[in-house]
Amino acid sequence: NREQYANDRAIADSVLSRGYAYAATDKGNTGLAFHRDGRTPGDAIAEWNLRLTQLTRAARATVARRYHRPPARTVVTGMSNGGYLVRWQLENHPELYDGGVDWEGTLWRSDGPTLLDFLPEALRHYPVYAAGGDGSREAQEALHAAGFPAGSEFLWPYHHQVYWDLTQRIYREELDPGFDGATEAGTPYCTTGSPACDADYDYPARPDEVRRAVARISLTGRIGKPLITLHGTLDVLLPISQDSDVYARMVRDAGRGGLHRYYRVEGGTHADALVDLFPDRLRPLAPCYRTAFRALERWLGTGSRPPASGTVGLPAGADAARTADDCSLDGRGSPGR
């Protein structure tokens, strides 16, 4: 939900240094009230896809005018919502791209799972877990069952404070504004059992019109160009078992597995900024992203396929200084520069 400048440090600097032109979009609406855009549920997110398609066409035309030749290669890449956009573009407009890198993209499918399934579980059970005492163990197990991995508990307080409640409410408002009537984006940190509380949101029980709104932005797995996906195993905003694990299966089920590489990064979480808070428990995804981007370049340029999909484990003896710079997708140490 950030502006078009959000990835200047994470992505733009590295790709500009490799000789690419770089273009980014604010997706046509941005900020925490993006759901105010559009007339019908799903309009705002659907516009994100349209705007990226338009941006790609405009960028390709601009490069051709400026350099008097078409771009040799066009790569689509982004993180979180941006990763979702990468997936959608390669499914729906593969003719515009040579390939893409999806950094922990958001999964949308009308029959789930989506964040509207697991975030209400977090809002409902985390306060019980955090309070301790009777019910705490059962609440912890419920969070695990919802997809939040065992061993990620140290990240739960921050995500409860910063991400879970807000994310649930604004995306639910975009796709199901009727849940809370005239109230806009729910009641922050409401108590389960109170009227129209997002902690009690039950997506499967909602009217069919809600699933139709999600269907407008849903993914299929039918990618048409090479795609590399990265996702951290300790992501507790978009838990990996409820997101990229599912998307990888969708790609295989669609018969497009040969176009996909999927790397589960051990110790990675949704926001690299948290690595500074927990340097002994987390690793940044940015170095793995840069390695993946170079792997995609070789795949497109020479046909050299990236390592097989799998879990990128922490190398033996790795420390925070090393993981801040290096990430090997095949687990054999430093990939080189």
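Residue indices follow the written sequence of each chain, beginning from 1 at its first position. At least 70 in pLDDT is required for a residue's local features to be given in this predicted model, at least 80 for side-chain atom pairs to be given and counted, and no such filter applies to totals for whole chains, interfaces and linings, which use all residues. The side-chain figures draw on all heavy atoms in the structure; neither hydrogens nor water molecules are used.

Engineer: Just give me the short version of the sheet that holds strand β1 (residues 75–79), but keep the residues and values in it.
Structural biologist: Hydrogen bonds along the backbone pair up the strands of a sheet, which may run parallel or antiparallel. Note on pairing: DSSP must find at least two bridges between two strands before they are called paired. What counts as a helix is a DSSP run of H or I of at least four residues, what counts as a strand is a run of E of at least two, and both are numbered from the N terminus. If you walk across this open sheet you meet the five strands as β1-β2-β3-β4-β5, and the pairing is parallel. Two strands in the sheet have a free side with no partner beyond their single neighbour: β1 and β5 (310–312). The mean angle between the axes of side-by-side strands here comes to 15°, regardless of whether they run parallel or antiparallel. With four bridges connecting them, strand β2 (residues 99–103) and strand β3 (residues 227–232) associate as parallel partners. Its bridge partner lying in β3, tryptophan 103 is registered against leucine 230. Lines fitted to the C-alpha atoms define the axes, with helices restricted to the stretch that makes contact. Angles between their N-to-C directions range from 0 to 180 degrees.

Engineer: I'd like a rundown of the state of the cysteines, residues and numbers included.
Structural biologist: Note on terminology: a disulfide is the covalent bond linking the sulfur atoms of two cysteines. In what follows, a disulfide is any cysteine sulfur pair within 2.5 Å. All told, the structure shown has two disulfides when counted by the stated rule. Here cysteine 190 engages in a disulfide with cysteine 197; their sulfurs sit 2.0 Å apart. On the sign convention where negative is left-handed, the bridge of cysteine 190 and cysteine 197, at about 90° about the S-S bond, is right-handed. Judged on exposure class, the residue cysteine 190 and its partner cysteine 197 are both buried. Linked covalently through their sulfurs, cysteine 288 and cysteine 327 form a disulfide whose S-S length is 2.1 Å. On the sign convention where negative is left-handed, the bridge of cysteine 288 and cysteine 327, at about 90° about the S-S bond, is right-handed. With cysteine 288 in helix α9 (residues 286–302) and cysteine 327 in the segment after α10 (320–323), this residue pair connects regions lying 39 residues apart in the sequence. Take cysteine 288 and cysteine 327: they sit in the same class, and that class is buried. With a 1.4 Å probe rolled over the protein chains alone, any residue whose accessible area is under 20% of its type maximum counts as buried; one over 50% counts as exposed, and the rest are partly exposed.

Engineer: Give me the nonpolar core: which residues, what numbers.
Structural biologist: By size, the foremost hydrophobic cluster in this structure holds 57 residues, and its most contacted members are Trp108, Phe148 and Trp164. Secondary-structure elements contributing two or more residues to this core are α2 (43–67), α3 (81–92), α4 (115–131), α5 (136–146), α6 (156–175), α7 (208–215) and α8 (244–253). When checking whether two residues touch, look at their non-hydrogen atoms; a contact exists if any pair is within 4.5 Å. Filtering out sequence-adjacent residues up to four positions away, tryptophan 108 remains in contact with Ile45, Tyr84, Thr114, Leu115, Leu116, Tyr171, Leu175, Val214, Ile217, Ser218 and Leu219. For our purposes a nonpolar core is just a set of buried Ala, Val, Leu, Ile, Met, Phe, Trp, Tyr and Cys residues, chained together by side-chain atoms within 4.5 Å. Residues Val75, Trp103, Phe293 and Leu329 belong to the second largest nonpolar core, which totals 23 residues.

Engineer: Go over α6 with me, naming the residues and quoting the values.
Structural biologist: The seven residues ending at a residue and the seven starting there each receive a fitted axis; the angle between those axes is the bend at that residue. Along α6, the largest kink reaches about 40° and is centred on tyrosine 163. Extensive coverage of α6 is indicated by the burial of 14 of its 20 residues.

Engineer: Break down the packing of aromatic side chains for me, with residues and values.
Structural biologist: The pairing test for Phe, Tyr and Trp rings, Trp by its six-membered ring, is centres within 6.5 Å, and the orientation test on the planes gives stacked under 30 degrees, edge-to-face over 60, and tilted for anything in between. Applying the stated criterion across every chain yields a total of 14 aromatic pairs. Ring geometry for phenylalanine 118 and phenylalanine 148: centres 6.1 Å apart, planes at 85°, overall edge-to-face. Of this pair, phenylalanine 118 sits in helix α4 while phenylalanine 148 sits in the loop between α5 and α6; the two residues are 30 residues apart in sequence, bridging distant segments of the chain. Judged by relative accessible area, which is 0%, phenylalanine 148 ranks as buried. On the numbers, 6.1 Å between centres and 50° between planes, the contact of tyrosine 126 with tyrosine 129 is tilted.

Engineer: Which residues make up the pairing of strand β4 (residues 260–265), and what are the values?
Structural biologist: With respect to burial, β4 is a largely interior element, five of its six residues being buried. Strand direction decides the pairing type here: β3 and β4, joined by six bridges, are parallel. Across the sheet, the residue bridging to histidine 231 is arginine 264, located in β4. Handedness of the crossover is the feature at issue here: the chain leaves β3, passes through α8, returns alongside β4, and the resulting connection is right-handed. Judged from the three bridges that link them, β4 and β5 form a sheet pairing that is parallel. Considered in β5, the bridge of tyrosine 263 is made with glycine 310. The handedness of a crossover follows from its direction of travel: if, with the strands pointing away from the viewer, the path from the first strand over the helix to the second runs clockwise, the crossover is right-handed. Taking the sense of rotation as the criterion, the β-α-β connection linking β4, α9 and β5 turns out left-handed.

Engineer: Please give an account of α2 that cites residues and values.
Structural biologist: Along its 25 residues, α2 runs 36 Å from first to last C-alpha, staying within 8% of the 36 Å computed at 1.5 Å per residue. Three or more residues of α2 are buried, namely Ala44, Ile45, Glu47, Trp48, Asn49, Leu52, Thr53, Thr56 and Val63. Residues of α2 that are buried sit in contact with β1, α3 and α6. Histidine 68, located one to two residues past α2, shows a positive phi value of around 60°. Each residue after the first adds 1.5 Å to the expected span of a helix.

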